[in-house]
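# Observations on the model geometry
The lines below spell out each chain.
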Amino acid sequence: IQFLMFYIFIMEHNNILPVVLAGGKAKRFGGNKSQAKLKDKILIDYILSEILKQFNEVLIVANDPINHLSSHKILKIEDYKKNLGPLGGVVSAMKWIKKNKKKYQWISTFPSDTPFFKIKIFNEFLRKVNERESELFFMNSKERRHNIFGLWSVDLVDQLEKDLENGIRKVEKWANNIGVIGINVSFENEDPFFNINTKEDLEKAKQILNDKLPSS
């Protein structure tokens, strides 16, 4: 029985394409925040290093040339249309799956600006997902829904593209309209969903990392 449960868990991961959404303009930050240096590496590499522990292929959606971890597992594409926000990145990933005849039935989205997120939280989330209940799942923590940390059925691609053409841009509004299930995840210590929107946030993240280091 233990072997069977492990096999099912692995199959679930093989059915999912992890997608890092790095196409935003980051106006509040004043530049491409995925490239901002935090301690010894750039911001996007924190989330990539976690995802690469679990998946055989990772897709980055970014419109500008960016640096990132060097790995044969990482592929990068641009949005199929510009200025559509995160939902445009989601559709772009789904279209990539269809175009390349990949067998993924789900994509899991991650932002590029959450340096404290750990893959064990994603695995907790995945264990609680019942794919028969919905085509869309978002992570919740401490009464808050995290709309970029989602699991999306690739079957949503046509509806989502149509809604984008009709002017929908906000992830939260679209998800509420289509029907989304929130899955609670737990954490201790620093918030894994802490995201960097401003230079002040970056300084706060540096302080958090400094506080974790053992004093000499």
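Going by the structure above, here's the rest.
About the thresholds
Residues numbered from 1 in each chain as written. Predicted model: local features only at pLDDT ≥ 70, side-chain atom pairs only at ≥ 80, totals over all residues. Heavy atoms only, no water. Helix = DSSP H or I, 4+ residues; strand = E, 2+ residues; numbered from the N terminus. Rg over C-alpha atoms; globule rule 2.2 N^0.38 Å. Buried < 20%, exposed > 50% of the residue type's maximum accessible area, 1.4 Å probe, protein only. Contact = heavy atoms within 4.5 Å. Areas by Shrake-Rupley, 256 points an atom, 1.4 Å probe, with all protein chains shown as cover. Lys, Arg positive; Asp, Glu negative; His and termini not counted. Charge placed at Lys NZ, Arg CZ, Asp CG, Glu CD. Salt bridge = Lys/Arg side-chain N within 4 Å of Asp/Glu carboxyl O. Polar contact = N/O pair within 3.5 Å; in protein donor to acceptor, adjacent residues only side chain to side chain.

From N to C terminus, the chain includes seven helices and nine strands. Taking 216 residues into account, the globule formula puts the C-alpha radius of gyration at 17 Å, and the chain, at 17 Å, falls close to it. Projected onto the principal axes, the alpha-carbon positions of the chain cover approximately 50 × 50 × 40 Å. Within the chain, the fraction of its 216 residues that count as buried is 50%. When contacts within the chain are restricted to residue pairs at least 6 apart in sequence, those whose partners lie at least 24 apart make up 67%. Accessible area for the chain stands at about 12000 Å²; split by element, carbon and sulfur atoms hold 48% of it. Of note, the chain has its 34 positive side-chain charges centred 3 Å away from the centre of its 27 negative side-chain charges.

This part takes up the side chain of Asp 45. Position of Asp 45 relative to the elements: it lies in helix α2 (residues 43-51). In this structure Asp 45 is buried but unpaired, with Lys 41 as the nearest side chain of opposite charge at 7.1 Å. There is a polar contact of 2.8 Å between the side chain of Asp 45 and the backbone nitrogen of Leu 69. Those residues in contact with Asp 45 that sit more than four places away from it in its chain are His 68 and Leu 69.

At Lys 39, a residue that is not glycine, the phi angle is positive and equals roughly 55°. When its relative accessible area of 40% is taken as the criterion, Lys 39 is described as partly exposed. For Lys 142, which is not glycine, the phi dihedral falls at a positive 50°. Locating Lys 142 in the fold gives a position in the loop between β7 (136-141) and β8 (144-153).

Within the secondary structure, Arg 132 is located in the loop between α4 (119-128) and β7. In this structure Arg 132 comes out as exposed when scored by relative accessible area, which is 79%. For the pair Arg 132 and Ile 107, spaced 25 residues apart in sequence, the C-alpha to C-alpha distance is 16 Å.

We now examine the pattern of salt bridges. Two side chains carrying opposite charge are able to pair once their charged atoms lie near each other. Here the structure, examined in full by the defined rule, presents eight salt bridges. A salt bridge links Asp 113 to Lys 33, with the shortest nitrogen-to-oxygen separation between them at 2.7 Å. Of the two residues, Asp 113 sits in the loop between β6 (106-111) and α4 while Lys 33 sits in the loop between β1 (16-21) and β2 (37-38), which places them 80 residues apart along the sequence. In this structure, Asp 113 and Lys 33 share a single accessibility class: buried. Of the charged contacts, one joins Lys 53 and Glu 50 as a salt bridge, the two residues approaching to 3.0 Å between their closest N and O atoms. A residue is classified by how much of its surface remains accessible, and Lys 53, at 58% relative accessible area, is exposed. Owing to a relative accessible area of 7%, Glu 50 belongs among the buried residues under this scheme. Each of Glu 50, Lys 53 and Lys 118 takes part in one network of salt bridges that share partners.

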